[in-house]
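Residues per chain, in single letters:
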Amino acid sequence: MSVKKLFLLSAFVFMLAPAGAAAAAFEYSCWLPYWKEASSTIDALVHIDQLHEINPFVYVVQNDGTIADRAGIADEPWASLIAAAKAKKVRVVPTVMWSNTDAMHKILSNTKARIKLEDDITALAVNEGFDGIDIDFEGKRAEDKVFFSAFLKGLYQRMGKKWVMCTIESRTPLADRYFGTTQPKDAGLYANDFAAMNKYCDRVRFMTYDQQTIDLKLAAKAGADGKLYAPVADTVWVEKAIRVAMQSINKNKIVIGVATYGYEWDVTAYADGYVYDLLWSFGPGYATPIAAQYGVTPARQASGELGFAYSPNNSLAGAAALAAAQANNSNHSFRYMVWQDAQAIKDKIDLAKKLGVRGVALFRLDGGEDPNMWAYFK
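This is a predicted model, so every value here is computed, not measured.

1. Re the overall build of the chain
For step 1, the next point in the chain: Secondary structure summary: the chain contains 13 helices and 15 strands in total.
For step 2, the next point in the chain: Compactness check: the chain gives a C-alpha radius of gyration of 23 Å against a globular reference of 21 Å for 378 residues, within 12% of the reference.
For step 3, the next point in the chain: By principal-axis analysis of the C-alpha atoms, the chain measures approximately 65 × 65 × 50 Å.
For step 4, the next point in the chain: Long-range contacts, defined here as pairs at least 24 residues apart, represent 76% of the contacts in the chain between residues at least 6 apart.
For step 5, the next point in the chain: Here the chain displays about 17500 Å² of accessible surface, and carbon together with sulfur accounts for 54% of that area.
For step 6, the next point in the chain: One way to put it: in the chain the 41 positive side-chain charges average out to a point 9 Å from where the 41 negative ones average out.

Printed below as a string of structure tokens:
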């Protein structure tokens, strides 16, 4: 084909392209936990101009299918935040959370009870003037996939112009999740139907955090190098999970969940590697004085996060503990702290832009996050 003909064809295709076909705007959103309402609402107010949406994490479905408000969202400090968000045209989309597996099965599998829940959630969004609702039902059974999809369809039909969002667990590729092991019979059985979510959700937000040791392939690679590896969210793992999602869900609907916290682990080094026991999560500010107390400088980890190892009893930690265990066929226990600092969060933002997905959502905005991250929200 000649250059002239190629130019004319390109011009013709361009003329056929619909108006507004440019790439969708990149979005920043955040969950605001009710148990940290004072600090989370202050943080959101200070940075409201850098956000496109706020998600008050305040509603919980109870065992009987009714909805409880854990925060008093009509009261302060929520009322002022919501008013400020509306004034700035920032969407207000509260989260409705549910984690009781048995109760979810009982309600979702019962047509009458499921429809009532759809009606109640829609009434909540309408009566409170919210822009939509974020559905976060965690721990569902694979057998409830069809019922949950029916629920999303019914809710989507009822909500009209209001947004329906879904927050769901990430999927690690099976070949990496069961690396070097025999896959169990239920491997690949999921409670979330990605195809249905693509139809009935305006946004699908993935909890691409709390990775820990689920990706055995990445863990084995780090372990072979003698490195500590129990991440909140390795950017490499996040990309794997999102690429799985992109096979079934329009990327313009996909939002990458980004953690703002870290973990502390009790680790035992044996001759054949490390064993991890999770102690608790923490905000980055918690780690700094501990590092100073033990004279340790935090460093970039194999996961791309910031972290360090230390020993409360001033014995061996990290690679030194592993080397001693291997040399003496013994074991040594120590602590390991790893967290999402501003650089690790920037890496997730950069990944989201590279993949062309809709945006990122912070879990959680509560006053404990690395304040330097806001420089990357642009």
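2. Points about the environment of Ile-82
For step 1, the next point in the chain: In this structure, Ile-82 sits in helix α3 (residues 78-87).
For step 2, the next point in the chain: For the pair Ile-82 and Val-61, spaced 21 residues apart in the sequence, the C-alpha separation amounts to 22 Å.
For step 3, the next point in the chain: Those residues within four positions of Ile-82 in sequence are excluded, and the remaining contacts are Ile-73, Val-92 and Phe-130.

3. Considerations on the confidence of the model for the chain
For step 1, the next point in the chain: Summary statistics for the chain give a mean pLDDT of 93 and a share of 94% for residues scoring 70 or more.
For step 2, the next point in the chain: Of the regions scoring below 50 in pLDDT, residues 1-21 engages in two contacts with residues more than four places distant in sequence or in other chains.

4. Some points on the nonpolar core
For step 1, the next point in the chain: With 97 residues, the main nonpolar core has Ile-54, Ile-135, Phe-137 and Phe-151 as its most contacted residues.
For step 2, the next point in the chain: Here the element with the most residues in this core is helix α13 (residues 342-355); it accounts for six residues.
For step 3, the next point in the chain: Sequence-distant contacts of Ile-135, that is, excluding residues within four places in its chain, are made with Val-96, Ile-121, Phe-148, Phe-151, Leu-155, Met-165, Cys-166 and Thr-167.

5. Digging into the packing of helix α10 (residues 235-246) against α13
For step 1, the next point in the chain: Two numbers describe how α10 lies on α13: the axes approach to 11 Å, and their chain directions differ by 30°. Taken as axis vectors, α10 and α13 run roughly parallel relative to one another. The interaxial crossing formed by α10 with α13 has right-handed handedness. Residue-level inspection shows Thr-235, Val-238, Glu-239, Ile-242, Arg-243 and Met-246 of α10 in contact with α13, the latter providing Asp-347, Lys-348, Leu-351, Lys-354 and Leu-355.
For step 2, the next point in the chain: Counted by class, the contact of α10 with α13 contains five nonpolar, one polar and five charged residues.

6. Some remarks on a negative patch on the surface
For step 1, the next point in the chain: Taken together, the side chains of Asp-69, Asp-75, Glu-76 and Glu-128 present a region of like negative charge at the surface.
For step 2, the next point in the chain: Mapped onto the fold, Asp-75 is located in the loop between β3 (67-69) and α3.

7. Observations concerning helix α4 (residues 101-108)
For step 1, the next point in the chain: Residues of α4 that are buried: Ala-103, Met-104, Ile-107 and Leu-108. The buried side chains of α4 occupy one side of the element, clustering within an arc of 115° when seen end-on.
For step 2, the next point in the chain: Backbone nitrogen of Asp-102 and a side-chain oxygen of the N-cap are separated by 3.2 Å at the start of α4; the cap is Asn-100.

8. What to know about unusual backbone geometry
For step 1, the next point in the chain: Along the chain, Glu-76 connects to Pro-77 via a cis peptide bond; the corresponding omega equals 5°.
For step 2, the next point in the chain: With an omega of 15°, the peptide bond between Phe-363 and Arg-364 qualifies as cis.
For step 3, the next point in the chain: Its identity as a non-glycine residue notwithstanding, Lys-89 has a phi of 60°, on the positive side.
For step 4, the next point in the chain: Relative to the assigned elements, Lys-89 resides in the loop between α3 and β4 (91-92).
For step 5, the next point in the chain: In this structure, Gln-212 takes a positive phi of about 55° despite not being glycine.
For step 6, the next point in the chain: The class of Gln-212 is partly exposed, set by a relative accessible area of 25%.

9. A short note on the pattern of salt bridges
For step 1, the next point in the chain: Per the counting criterion, the structure on display carries 22 salt bridges.
For step 2, the next point in the chain: The partner of Lys-354 in a salt bridge is Glu-239, with the nearest N and O atoms 3.2 Å apart. Taken together, the residues Lys-354 in helix α13 and Glu-239 in helix α10 connect sequence positions 115 residues apart.
For step 3, the next point in the chain: Taken together, the shared-partner salt bridges connect Glu-27, Glu-53, Arg-91, Asp-134, Arg-203, Arg-205 and Arg-358 into one network.

10. Examining the packing of helix α2 (residues 37-46) against α3
For step 1, the next point in the chain: Interaxial distance between α2 and α3 falls to 10 Å at its minimum, and their mutual angle equals 20°. What the angle tells us is that α2 and α3 run roughly parallel. When the axes of α2 and α3 are compared, the crossing they make is left-handed. In contact with Glu-37, Ser-40, Thr-41, Ala-44 and Leu-45 of α2, α3 contributes Trp-78, Ser-80, Leu-81 and Ala-84.
For step 2, the next point in the chain: For the contact of α2 with α3, a count of residues per class yields five nonpolar, three polar and one charged.

11. Examining the side chain of Glu-305
For step 1, the next point in the chain: Position of Glu-305 relative to the elements: it lies in the loop between β12 (299-300) and β13 (306-310).
For step 2, the next point in the chain: Of the buried charged residues, Glu-305 lacks a salt bridge, with Lys-348 as the closest side chain of opposite charge at 5.2 Å.
For step 3, the next point in the chain: Reaching out from Glu-305, the side chain makes a polar contact with the backbone nitrogen of Val-232 at a distance of 3.2 Å.
For step 4, the next point in the chain: Contact partners of Glu-305, with chain neighbours within four places excluded, come to Pro-231, Val-232, Ala-233, Asp-234, Ala-299, Arg-300, Val-338, Trp-339, Gln-340 and Ala-344.

Basis of the calculations
Residues numbered from 1 in each chain as written. Predicted model: local features only at pLDDT ≥ 70, side-chain atom pairs only at ≥ 80, totals over all residues. Heavy atoms only, no water. Helix = DSSP H or I, 4+ residues; strand = E, 2+ residues; numbered from the N terminus. Rg over C-alpha atoms; globule rule 2.2 N^0.38 Å. Contact = heavy atoms within 4.5 Å. Areas by Shrake-Rupley, 256 points an atom, 1.4 Å probe, with all protein chains shown as cover. Lys, Arg positive; Asp, Glu negative; His and termini not counted. Charge placed at Lys NZ, Arg CZ, Asp CG, Glu CD. pLDDT = per-residue confidence, 0-100. Core = buried A, V, L, I, M, F, W, Y, C linked by side-chain atoms within 4.5 Å. Buried < 20%, exposed > 50% of the residue type's maximum accessible area, 1.4 Å probe, protein only. Axes fitted to C-alpha atoms, helices over the stretch in contact; angles between N-to-C directions. Parallel < 35°, antiparallel > 145°, perpendicular 65-115°, else oblique. Left-handed = near helix turned anticlockwise from the far one by under 90°. Nonpolar A, V, L, I, M, F, W, Y, C, P; charged D, E, K, R; others polar. Patch = residues over 30% accessible without salt bridge, like charges linked within 9 Å, V, L, I, M, F, W, Y side chains within 5 Å. Salt bridge = Lys/Arg side-chain N within 4 Å of Asp/Glu carboxyl O. Arc of directions from axis to C-beta. Polar contact = N/O pair within 3.5 Å; in protein donor to acceptor, adjacent residues only side chain to side chain.

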